[in-house]
Structures are given as C-alpha cells and as structure tokens.
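Okay, here's what each chain looks like letter by letter:
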Amino acid sequence: MHGYVRPMATIVSIGSLALLAVACLAGLVSLVVGFPGTFVILGAALLYAWGTGFASVTWSTIAWLAALALAGELFELLIGSGLGAASRPSWRVASATVAGSFVGGLLGAPLFFGVGALLGALAGAFAGAGLAAHLEGKTLGDALRQAWSALKSRFVAFVTKSFIAIAMTVLVLVHAW
C-alpha cells in the first residue's frame with residue numbers, strides 16, 4: 001500500500017518531538033533559577049537522539065550542543081566573576097562575586113516562584129564584590145563601583161548564557177524536525 005502512513009508511528013514521532021521541546025523549554029526556564037540549563041538541553045537532545053537511533057539528531061549535532069553548553073558555562077563563569085569588566089577586579093573580588101552570586105541565588109530561589117534566584121544571584125554578586133573590595137582597603141565609593149560592575153557583569157553573563165541556550169534549543173529542534 002503506497003501512501004499509507006502508520007498512525008501510531010506518527011503519534012510517537014510527534015509525541016517525542018513534543019517531549020523534546022518541553023525538555024528544552026525546561027532547560028531555558030532552569031537558567032532563571034540558577035541550574036545549568038544548557039546541560040539540561042544537551043541531555044534532552046542526547047536522549048532524543050538515542051531514542052530515534054541518531055536519525056535526525058546526529059552525533060555531530062550532539063557535539064555542537066556539547067561545545068555550546070561548555071562555552072555557555074565558561075562564559076558565565078568568566079563574565080559573571082567580573083573578569084571581563086573594565087575595572088579588572090582582584091582574584092579575591094572575583095571569587096567573592098562568584099561565591100556571593102551562588103549564595104544569593106540559593107537564598108533567593110524560593111522567592112517569586114524561582115525568579116528570586118536570579119535576583120538573589122545579582123544581589124549576591126553585588127554584596128560579595130563590594131564586601132571583598134572594602135576588605136581589601138578600597139574606599140566606599142570604589143567598593144560600590146566594583147560591586148555595581150560585578151552586578152552588571154553577572155547580568156551580562158546570564159543574558160549571554162540565555163542566548164546560547166536559545167541557540168541550542170533552536171539547533172536541536174530544527175534538526176529533530
């Protein structure tokens with residue numbers, strides 16, 4: 001019978017594609033609450049590829065997604081710690097920025113349905129950098145400038161990683177389609 005489409009195969013295909021899209025969306029949302037959403041997207045793509053025998057999402061696609069996930073995490077670490085900022089913080093300030101961002105994200109996570117994690121991470125970066133700069137002997141004005149720079153760097157890191165995660169989502173869904 002030519003032209004006959006097996007209905008069950010079509011349903012399974014559409015269902016697996018829908019699950020992939022939901023998993024990618026969960027990865028994007030998880031970025032807001034501080035989870036490594038790029039690796040959630042990579043894991044979903046790997047599971048989809050395995051389930052479909054690597055027919056449409058191939059090992060090459062998985063390799064590109066892995067490279068993007070690693071780049072996203074690396075950019076977030078380097079930009080978020082303020083190493084890309086014009087003020088060039090010391091290692092102590094950069095470390096305090098990362099630690100403050102982490103602690104702030106954990107403390108803020110229960111607030112505003114998880115969006116508090118992002119707000120907490122920004123506030124933690126500000127507080128950590130400001131405190132470390134002040135403990136290094138900087139004036140209050142200089143410490144506040146470094147703290148503001150850390151907050152901006154953390155936000156830019158979040159936006160950069162979000163764009164990478166969106167690109168990963170588009171890449172995997174285009175290949176899966």
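Residues take numbers from 1 onward in each chain, read along the sequence in its written order. Reporting in this predicted model follows two pLDDT cut-offs: at least 70 for local features of residues, and 80 or more for side-chain atom pairs to be given and counted; totals over whole chains, interfaces and linings ignore these cut-offs and use all residues. The basis for the side-chain values is all heavy atoms of the structure; hydrogens and waters are excluded.

Chemist: Give a detailed account of the overall build of the chain, specifying residues and quantitative values.
Modeler: Looking only at helices and strands, one finds 6 helices and 0 strands in the chain. Helix numbers and strand numbers start at the N terminus; a helix is a DSSP run of H or I with at least 4 residues, a strand a run of E with at least 2. For the chain, the N- to C-terminal ordering of α and β elements is α-α-α-α-α-α. Whereas a compact globule of 177 residues would reach a radius of gyration of roughly 16 Å, the chain reaches 20 Å, over 25% beyond that. Burial classification: accessible surface area is computed with a 1.4 Å probe over protein chains only, and a residue below 20% of its type maximum counts as buried, one above 50% as exposed, and the rest as partly exposed. Evaluated residue by residue, the chain yields a buried proportion of 38% over its 177 residues. Contacts between residues were defined by any pair of non-hydrogen atoms, one from each residue, lying within 4.5 Å. Within the chain, contacts between residues separated by at least 24 positions form 65% of all contacts whose residues are at least 6 apart in sequence. Using a 1.4 Å probe, accessible areas were evaluated by the Shrake-Rupley method; residue-level cover was limited to the displayed protein chains. Surface exposure of the chain reaches about 10200 Å², of which carbon and sulfur atoms provide 78%. When charges are counted, Lys and Arg are positive and Asp and Glu negative, with His and the chain ends excluded. Throughout, a charge is located at the NZ atom of Lys, the CZ atom of Arg, the CG atom of Asp or the CD atom of Glu. Charge separation in the chain, taken as the distance between the mean sites of 8 positive and 4 negative side-chain charges, equals 5 Å. Computation of the radius of gyration draws on C-alpha atoms, with the globule rule given as 2.2 Å multiplied by the number of residues to the power 0.38.

Chemist: Please set out the packing of aromatic side chains residue by residue, giving values where relevant.
Modeler: We call Phe, Tyr and Trp rings a pair once their centres come within 6.5 Å, taking the six-membered ring for Trp, and we label the pair stacked below 30 degrees between planes, edge-to-face above 60, and tilted otherwise. Summed over the entire model, instances satisfying the criterion amount to 1 aromatic pair. Centroid distance Phe54 to Trp59: 4.4 Å. Interplanar angle 15°. Geometry classified as stacked. Accessibility expressed as a relative area gives 57% for Trp59, which makes it exposed.

Chemist: Give a description of unusual backbone geometry that names residues and reports values.
Modeler: Backbone geometry at Phe54 places phi at a positive 55°, although glycine is not the residue there. Looking at where Phe54 falls in the secondary structure, it is placed in the loop between helix 2 (37-51) and helix 3 (59-80).

Chemist: Break down the packing of helix 4 (residues 91-108) against helix 5 (residues 116-135) for me, with residues and values.
Modeler: For helices, the fitted axis covers only the stretch in contact; all axes are lines through C-alpha atoms, and the angles between them, taken along N-to-C directions, range from 0 to 180 degrees. Two elements in contact, helix 4 and helix 5, have axes separated by 6 Å at closest approach and are oriented at 150°. Of the two possible hands of crossing, helix 4 and helix 5 adopt the one that is right-handed. On helix 5, the residues that touch Arg92, Val93, Ala96, Thr97, Gly100, Ser101, Gly104, Gly105 and Gly108 of helix 4 are Gly116, Ala117, Gly120, Ala121, Gly124, Ala125, Gly128, Ala129, Ala132 and Ala133. Its residues assigned to classes, the contact of helix 4 with helix 5 shows 8 nonpolar, 10 polar and 1 charged. Working rule for handedness: look at the near helix, and if it is turned counterclockwise from the far one by less than a right angle, call the crossing left-handed; if clockwise, right-handed. Side-chain classes are defined by residue name, with Ala, Val, Leu, Ile, Met, Phe, Trp, Tyr, Cys and Pro counting as nonpolar, Asp, Glu, Lys and Arg as charged, and the others, Gly among them, as polar.

Chemist: Residues and numbers for the pattern of salt bridges, please.
Modeler: A pairing counts as a salt bridge when a side-chain nitrogen of Lys or Arg comes within 4 Å of a carboxyl oxygen of Asp or Glu. Per the counting criterion, the structure on display carries 5 salt bridges. Here Arg154 makes a salt bridge to Glu76, at a shortest N to O gap of 3.3 Å. Taken together, the positions of Arg154 in helix 6 (residues 140-176) and Glu76 in helix 3 put the pair 78 residues apart, joining distant regions of the chain. Look at Arg154 and you get buried, because its relative accessible area is 13%. Ionic pairing is found between Glu136 and Lys138, a salt bridge with its closest N-O pair at 3.8 Å. Given a relative accessible area of 32%, Lys138 falls into the partly exposed group. Bridged by salt links that share partners, the residues Glu73, Glu76, Arg154 and Lys161 form one connected network.

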